[in-house]
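Analysis of the macromolecular model
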Amino acid sequence: MAKSPVTDPNEDFPRWYQDVLAKAELAEGGPARGTMVIRPYGYAIWERIQAEVDTRIKRAGAENVYFPLLIPESYINREAEHVEGFSPELAVVTVAGGKELAEPLVIRPTSETVFGEHMARWINSYRDLPLRLNQWANVVRWELRPRLFLRTSEFLWQEGHTAHADRADAAAYARRIHLDVYHDFLTKALAIPVFIGRKSAVERFAGAINTFACEGIMRDRKALQLATSHELGQNFARAFDITFTDQADSEQHAWTTSWGASTRMVGGLIMAHGDARGLRVPPAVAPIQAAVVVVREDEESIARAGELVAALSERGVRVKLDAAVHVGFGRRATDWELKGVPLRIDVGPRELKDGNVTLMRRDEGGSRPFAIDQVAAAVPRILEELQSDMLAEATRFRDGSVVDAGTVAEAAEAGKSGVGRIPWALLGTDGERALLDEGVSVRCIQREDGSLPEAEDEPGLVAIVARAY
């Protein structure tokens, strides 16, 4: 069997990850430390993710806007807990146009403050609420230990910001985003089963009164936070004077939320689904769902492959013709495997004699003959099956990584090599601190059935603990 072009993930997972990034042509380091250049194939995956998430955000009633990259430092300083949480990560501009600025400008680490400033102008009455906004943008958080897609000093994301008339409405919307946008996308499109729950006070977003998180378990059994949704209470409303006149003609502070997901999702896709042969991309977010590969130079093979591509395109399949017969078939087959394209359909003279093509599912690795006059009609169904099978496989892996713990020590041990689950009442603040000393953290707090709790002090809650990226 030919040697894999990537390191065995079971032997050296970090090196495997770097190999996949490079050889699948996803991304590479940028010219400034901690920055990232996303290559066309990597960006095409991000565009698919963006489209899927954006559709769900709009379905939830939010509208897209754009706010500036540069934020006056005074804005950041107006919410003390927020600036304290982000201070080590801030990049600050002090000189522009050859002159020192009268007030430094912060390159946005997140936009609660600038959204708050403008929401205060746009909101006057309860009739203006709820105000639900979202932007797709880049942010900068100065990263000391960068890893492409996982932690970079500049990354792409969406950040939603909303204002509501009361706490209940804000809480309900934060929960809706968490479940109907993030959880729905991660499971149905990215095929990553995630733990959903509340963050502990220690792990909560700076300035928030509650944070919901989606935590995925990667193939090295570490946790990756893939999306978060925050209830900000009235903290930012007070800092930025976001007020409205209620139905009793009394002035009230609004209740706000924020929520976001980033290009970290691409890293999650790589690490949740990749294998010893490279990337595996779920069909829902695959830029190329099927590659039709001409095995060798042959007029009939090229013609039939072109017909097959047209038939697949008519059925809405994102398909690519590979007729680069000047490159050896083995090299091209390996490249398609590396890129994780869900289906490869090989068209060659030997198979065509019997009216067949060769079909290979990337998730399974095996190949089988398939009647050429039936394959186009069958591919959409096969892609649906493949999507479902990838989620089922990832779910089995996640669930098999969980160990129930009865003591803090057992939870710490489980979290070092996988996932520990321990009653939250048994863990508490002191136990959480002990876990952190062991390099393990509380990823989220949830009900025993895996659902979102209404409050942190609900009886019967469990904590999901693990090492994290």
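What you see is a predicted model, and the numbers here were worked out from it, not measured in a lab. (Residues numbered from 1 in each chain as written. Predicted model: local features only at pLDDT ≥ 70, side-chain atom pairs only at ≥ 80, totals over all residues. Heavy atoms only, no water.)

Per the secondary structure count, the chain includes 14 helices and 23 strands. Computed over C-alpha atoms, the radius of gyration of the chain comes to 25 Å, within 12% of the 23 Å expected from 2.2 N^0.38 for 469 residues, which places it in the range of a compact globule. In terms of overall dimensions, the chain has C-alpha extents of about 80 × 55 × 45 Å along its principal axes. Across the 469 residues that make up the chain, the buried fraction comes to 54%. Considering only intrachain contacts with a sequence separation of at least 6, the fraction spanning at least 24 residues in the chain is 67%. (Helix = DSSP H or I, 4+ residues; strand = E, 2+ residues; numbered from the N terminus. Rg over C-alpha atoms; globule rule 2.2 N^0.38 Å. Buried < 20%, exposed > 50% of the residue type's maximum accessible area, 1.4 Å probe, protein only. Contact = heavy atoms within 4.5 Å.)

Below, the discussion takes up the side chain of Gln135. Residue placement: Gln135 occurs in strand S7 (residues 131–140). Judged by its relative accessible area of 0%, Gln135 falls in the buried class. Engagement of the side chain of Gln135 in a polar contact is seen with the side chain of Ser111, the distance being 3.3 Å. If we skip the residues at most four places from it in the chain, Gln135 touches Val65, Tyr66, Phe67, Arg108, Ser111, Phe115, Trp157, Gln158 and Glu159. (Polar contact = N/O pair within 3.5 Å; in protein donor to acceptor, adjacent residues only side chain to side chain.)

Evaluated as defined, the whole model comprises 33 salt bridges. For Arg15, the salt bridge identified is with Asp19, shortest N-O distance 3.4 Å. Within this pair, Arg15 and its partner Asp19 are both found in helix H1 (residues 13–23), separated by four residues, close to a single helical turn. In this structure Asp19 comes out as buried when scored by relative accessible area, which is 10%. Note that Arg433 and Asp430 form a salt bridge whose closest N and O atoms lie 3.1 Å from each other. With Arg433 and Asp430 both in helix H14 (residues 424–437) and three residues apart, the pair spans about one turn of that helix. Of the residues examined, Asp430 reaches a relative accessible area of 59% and is grouped as exposed. Connected through shared salt-bridge partners, Arg361, Asp363, Glu364, Arg381, Glu385 and Asp389 make up one network. (Salt bridge = Lys/Arg side-chain N within 4 Å of Asp/Glu carboxyl O.)

Further remarks concern the environment of Arg48. Position of Arg48 relative to the elements: it lies in helix H2 (residues 40–59). Relative accessible area serves as the criterion here: at 24%, Arg48 is assigned to the partly exposed category. Arg48 sits 237 residues away from Val285 along the chain, and the two C-alpha atoms are 5.1 Å apart. Not counting the four nearest positions on each side in its chain, Arg48 is found in contact with Ala284, Val285, Ala286, Pro287 and Arg318.

Here we take up the sheet that holds strand S6 (residues 99–107). With antiparallel pairing, three strands are arranged side by side in an open sheet as S4-S6-S5. Across the chains shown, the open sheet's two edge strands, defined by having one partner strand only, are strand S4 (70–72) and strand S5 (91–96). Taken pair by pair, the neighbouring strands of this sheet meet at an average axis angle of 45 degrees, ignoring direction. Two elements, S5 and S6, share five bridges in a ladder whose sense is antiparallel. Each residue of the ladder has a partner; that of Ala91, found in S6, is Ile107. (Pairing = 2+ DSSP bridges. Axes fitted to C-alpha atoms, helices over the stretch in contact; angles between N-to-C directions.)

Right, let's get into the pairing of strand S16 (residues 319–322). Strand direction decides the pairing type here: strand S15 (residues 290–294) and S16, joined by four bridges, are parallel. Across the sheet, residue Val293 finds its bridge partner in S16, namely Asp322. Taken together, S15, helix H9 (residues 299–314) and S16 constitute a β-α-β crossover, and its handedness is right-handed. (Right-handed = clockwise from strand over helix to strand, strands pointing away.)

It is characteristic of soluble globular proteins that their nonpolar side chains tend to be buried jointly. Judged by nonpolar contacts, the single largest core of 62 residues is most densely connected at Leu26, Ile49, Phe149 and Ile270. It is helix H6 (residues 167–188) that contributes the most residues to this core, seven residues altogether. If we ignore the near neighbours within four places in the chain, the residues touching Ile49 are Phe185, Leu190, Met265, Val266 and Val285. Among the nonpolar cores identified, the runner-up in size contains 27 residues, and Val309, Ile345, Phe370 and Ile372 belong to it. (Core = buried A, V, L, I, M, F, W, Y, C linked by side-chain atoms within 4.5 Å.)

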